Amino acid sequence: MKIIVVGGGMKAYFLAKNLISMGYSVTMINKNKEDALQLAKIDRATVVHGDATLPEILEDAGTHTAD
């Protein structure tokens, strides 16, 4: 199952780690560059740097295949 998480910070970090540990494929979208760099340190997570209100960012994140 593919999950998209929008936003950053510690809540998103721990949510992503928890979802990955349960076997989900996680893609995170964050418009803050520093947060995106921190989130990119999560093993097996995909991070897209950009504004999740823009269709091209959503497409880059693969939302069309997300559950």
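The residue numbers shown here count from 1 along each chain, following its written sequence. For a predicted model such as this one, the threshold for reporting local features is a pLDDT of at least 70, and the threshold for listing and counting side-chain atom pairs is 80 or more; totals across whole chains, interfaces and linings nevertheless cover every residue. Side-chain figures throughout are based on the complete set of non-hydrogen atoms in the structure, without hydrogens or water.

Runs of H or I in DSSP of at least four residues are treated as helices and runs of E of at least two as strands, each being numbered from the N terminus. In terms of helices and strands, the protein carries 3 helices and 3 strands. Shown N-terminal to C-terminal, the secondary structure of the protein runs as helices and strands in the order β-α-β-α-β-α. Dimensions of the protein, computed from C-alpha atoms along their principal axes, come out at roughly 30 × 25 × 15 Å. Three exposure classes are used, based on accessible area relative to the maximum for each residue type with a 1.4 Å probe and protein chains only: buried under 20%, partly exposed in between, and exposed over 50%. Scored against the burial criterion, the 67 residues of the protein give a buried share of 31%. Two residues qualify as a contact provided that any one of their heavy atoms is within 4.5 Å of a heavy atom in the partner residue. Counted over contacts in the protein with a minimum sequence separation of 6, partners at least 24 positions apart contribute 33%. Counting 7 positive and 8 negative side-chain charges, the protein places the centres of these two groups 9 Å from one another. Charge assignment in this entry is limited to Lys and Arg as positive and Asp and Glu as negative, and neither His nor the chain termini are counted. Here the site of a charge means atom NZ of a Lys, CZ of an Arg, CG of an Asp or CD of a Glu.

Buried residues of nine kinds, namely Ala, Val, Leu, Ile, Met, Phe, Trp, Tyr and Cys, make up a nonpolar core once their side-chain atoms join them within 4.5 Å. Counting residues in each nonpolar core, the largest one holds 10 residues, listed as V5, A12, A16, L19, I20, V26, M28, L39, I42 and A45. Elements that contribute at least two residues to this core include exactly α1 (9-21) and β2 (25-30). With 4 residues, the single largest contributor to this core is α1. Listed in part, the 5 residues of the second largest apolar core include I29, V48, I57 and A61.

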